[in-house]
Each structure stands twice: as C-alpha cells, then as structure tokens.
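Here is how the chains run, residue by residue.
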Amino acid sequence: MNIEENAVALLLRSPRLDVGTIMDVLDLGDREFREMMLRNPRIHELLDARREGTLPSIPVEPKQCLACSEWFMPYASERYCSDPCKAAGKIQNA
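Lay out the pattern of salt bridges in plain terms, naming residues and giving numbers.
Summed over all chains, the structure comprises five salt bridges. Glutamate 35 is paired through a salt bridge with arginine 31; the nearest N and O atoms lie 3.2 Å apart. Taken together, the positions of glutamate 35 and arginine 31, both in helix 3 (residues 30-39) and four residues apart, correspond to about one turn of that helix. Where glutamate 45 meets arginine 42, a salt bridge forms, and the shortest distance between an N and an O atom there is 3.6 Å. Linking glutamate 45 with arginine 42, this pair stays in helix 4 (residues 41-52), spanning three residues, or about one helical turn. In this structure glutamate 45 comes out as partly exposed when scored by relative accessible area, which is 47%. Take arginine 42: its relative accessible area is 38%, and that puts it in the partly exposed class.

Cut-offs and rules
Residues numbered from 1 in each chain as written. Predicted model: local features only at pLDDT ≥ 70, side-chain atom pairs only at ≥ 80, totals over all residues. Heavy atoms only, no water. Salt bridge = Lys/Arg side-chain N within 4 Å of Asp/Glu carboxyl O. Helix = DSSP H or I, 4+ residues; strand = E, 2+ residues; numbered from the N terminus. Buried < 20%, exposed > 50% of the residue type's maximum accessible area, 1.4 Å probe, protein only.

Interpretation in functional terms is not warranted from these geometric data alone.
Below is the structure:
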C-alpha cells in the first residue's frame, strides 16, 4: 500500500467527508481512484460500507481549548479551538 492509498483509506473512514472531496484533496482523477479501489481491498470495503450505510461513526467528545479554555468539538485530535488559539499555544509552549 502506497502513501496515497493509505491516505484514501484513512479519509474514507470519516462519514463527514464525501468521496469527491477526498479525491479533490488528494488530487486524484476518476481513473486513478477506480484503479486504487480495485487494487486495495480495504478501500473497496470502506466504499461498500459507505454505500450500505454501515460505516461506523466515530464519537466526538467536547474538549476544552488549551489556550482560551472554551469548549469546542475537535476535529481529529485538535487541542485548540481555532487558528488564533493554536498560534497562542505555540507562543506559550515556546
């Protein structure tokens, strides 16, 4: 599995991202994506799960921002609620 296939498999796990967005982000064409799906059984399984609606949703817990102490719903493992808070956090940790 190459890096692009690994990235596609990871992004397909998120029910919030549609396939078109994933293809755009990774700059993949239709032909490349189809070939990748045929080559990689994990990608094929994830696409089937999306079609069937059986893709498990990942629960998200509210988190407190390390810079401003506001509560927010993180995306991935974000520790800050916004870009300004992230910049402030970098300054505090320097």
